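A structural walkthrough
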Amino acid sequence: MSQLQAFLDIASEAALEAGTVLQDKFRNLKNIQEKGRSGDLVTEADKAAEAIVLKVLNRHVPGHQILAEESGTLGGNDAKYLWAIDPLDGTTNYAHGYPVSAVSIGLMIDGIPQVGVVYNPFRNELFRAAKGFGATLNHRPIQVSQTAQLKNTILVTGFAYDRRETTDNNYAEFCYLTHLTQGVRRSGAASIDLTDVACGRLDGYWERGLSPWDITAGIVIVEEAGGLVTAYDNSPVDISSGRLLVTNSKIHDSLSQALLESPRLPADLYS
Ligand code: IPD
Ligand code: CA
Ligand code: CA
């Protein structure tokens, strides 16, 4: 077994265990708090699931560095390896009892996403990928869709927690792409959006304001399923920019162009 496949198994072990916690605590929360920004929630399920992921990583790869949503930067001295962990992606859904959430565990090696696991315990769906080994859903190979024209697509997007504080809030892009396509969905969980593109349920995804723990795992999975991930303008993706354009590759140029030319909405629309 290669080293990447060994890391993939470690991530899967952690995600499956954390997913059990999410199921156990679902609709039985005692503690829901806001993390500073209005609407950005954290629950005891986020914390308990993260503790399990950290325990599994500390057992198998104690030297590696970790960036975990609720605990920040942790781990050993080996900066070559950085695990990006979202123990509960889709916290708002979860806190409302809407079962669209997942555990997302990605590994960057030398700054490049190379291993990804996204586990949605509510659908019992385990997405896995390692660079060069393809992507699977519940251990069966997956591929992106073949849709080639924007007018025949369905897409997905999301809106960051700072959306009331900036006019760069994705509302204009959402309106324009709703107009140009068969529809734009909003799941509330970035990792699920990425994996839904990876397995061909959706044709493309874009979003701004994302964090490395939201997207590292999903990037590997969608790329290994034949998808393309770039910045909005088609340039190489910079994970720290928080901005992603993800497609089945066939619609990449046309979605990039549409995003860049989206007619602006009046700046005072909601002021
Ligand atoms: C959020 C979800 C959502 C996206 C937000 C993320 P969280 O993560 O992925 O879809 O629109 O930008 O912060 O807070 O539920 O882990
Ligand atoms: Ca998240
Ligand atoms: Ca989260």
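Residues numbered from 1 in each chain as written. Chains lettered and ligands numbered in written order. Predicted model: local features only at pLDDT ≥ 70, side-chain atom pairs only at ≥ 80, totals over all residues. Heavy atoms only, no water.

Before going further, it helps to spend a moment on the overall build of the protein chain. A count of helices and strands for the protein chain gives 7 helices and 15 strands. Over its C-alpha atoms the protein chain spans a radius of gyration of 18 Å, differing by no more than 12% from the 18 Å that the globule rule assigns to 271 residues. Counting all 271 residues of the protein chain, 55% fall into the buried class. Within the protein chain, contacts between residues at least 6 apart in sequence are counted, and of these 62% link residues at least 24 apart. Here the protein chain has roughly 11,800 Å² of accessible surface; of this, 49% comes from carbon and sulfur atoms. (Helix = DSSP H or I, 4+ residues; strand = E, 2+ residues; numbered from the N terminus. Rg over C-alpha atoms; globule rule 2.2 N^0.38 Å. Buried < 20%, exposed > 50% of the residue type's maximum accessible area, 1.4 Å probe, protein only. Contact = heavy atoms within 4.5 Å. Areas by Shrake-Rupley, 256 points an atom, 1.4 Å probe, with all protein chains shown as cover.)

Right, let's get into the sheet that holds strand E14 (residues 228–230). Pairing is mixed in the open sheet, where 5 strands are placed in the order E12-E11-E13-E15-E14. Of all strands in the sheet, those with a lone pairing partner are strand E12 (184–185) and E14, marking the two edges. Both strand E11 (residues 155–157) and strand E13 (residues 204–207) contribute to a ladder of 3 bridges, which runs parallel. When the bridges of E13 are listed, Val156 appears paired with Tyr205. Lying over the sheet, helix H5 (residues 190–198) contacts E11, E13 and strand E15 (244–247), oriented at roughly 150° with respect to E13. (Pairing = 2+ DSSP bridges. Axes fitted to C-alpha atoms, helices over the stretch in contact; angles between N-to-C directions.)

All right, on to the pairing of strand E7 (residues 112–120) then. Across the 9 residues of E7, 8 count as buried, placing the element largely inside the fold. Turn length for the strand E6 (residues 102–109)-E7 hairpin, with the two strands adjacent in sequence and antiparallel, is 2 residues, and the turn residue Asp110 shows positive phi of about 55°. In the sheet, E7 pairs with strand E8 (residues 125–130) via 6 bridges, with the strands oriented antiparallel. What sits directly across from Val117, in E8, is Arg128. Counting the residues between successive antiparallel strands, the hairpin from E7 to E8 contains 4 residues, one of them, Asn124, with a positive phi of roughly 45°.

Let us now look at the packing of aromatic side chains. Counting across every chain of the model gives 8 aromatic pairs. A centroid spacing of 6.2 Å and a plane angle of 80° characterise the contact between Phe7 and Trp83, whose relative ring orientation is edge-to-face. Residue Phe7 is located in helix H1 (residues 3–25), and its partner Trp83 is located in strand E5 (residues 78–89); the two are separated by 76 residues in the primary sequence. Each member of the pair, Phe7 as well as Trp83, carries the same accessibility label: buried. On the numbers, 6.3 Å between centres and 55° between planes, the contact of Tyr94 with Phe122 is tilted. (Phe/Tyr/Trp six-rings, centres within 6.5 Å; stacked < 30°, edge-to-face > 60°.)

On to the coordination of the calcium ion (ligand 3). Protein ligation of the calcium ion (ligand 3) involves Glu69 (OE), Asp86 (OD), Asp86 (OD) and Leu88 (O), the donor distances falling in the range 2.2 to 3.2 Å. Separating the calcium ion (ligand 3) and the calcium ion (ligand 2) is a distance of 3.8 Å, and Asp86 donates to both of them. In this pair, Glu69 is assigned in the loop between strand E3 (64–68) and strand E4 (72–75) and Leu88 in strand E5, connecting sequence segments 19 residues apart. Considered together, Glu69 and Leu88 belong to a single accessibility category, that of buried residues. (Donors = N, O, S within 2.8 Å, 3.2 Å for Na, K, Ca; no water.)

To continue, consider the sheet that holds E4. Here 8 strands make up an open sheet; going across it, the order is E4-E3-E5-E6-E7-E8-E9-E10 and the pairing mixed. Each of the sheet's edge strands pairs with one partner strand only, and the pair in question is E4 and strand E10 (140–141). Where E5 and E6 come together, 7 bridges link them in antiparallel fashion. Within E6, the position partnered with Trp83 by the bridge is Leu107. The sheet strands contacting helix H6 (residues 212–224) are E3, E5, E6, E7, E8 and strand E9 (135–137), and the helix crosses E7 at an angle near 100°.

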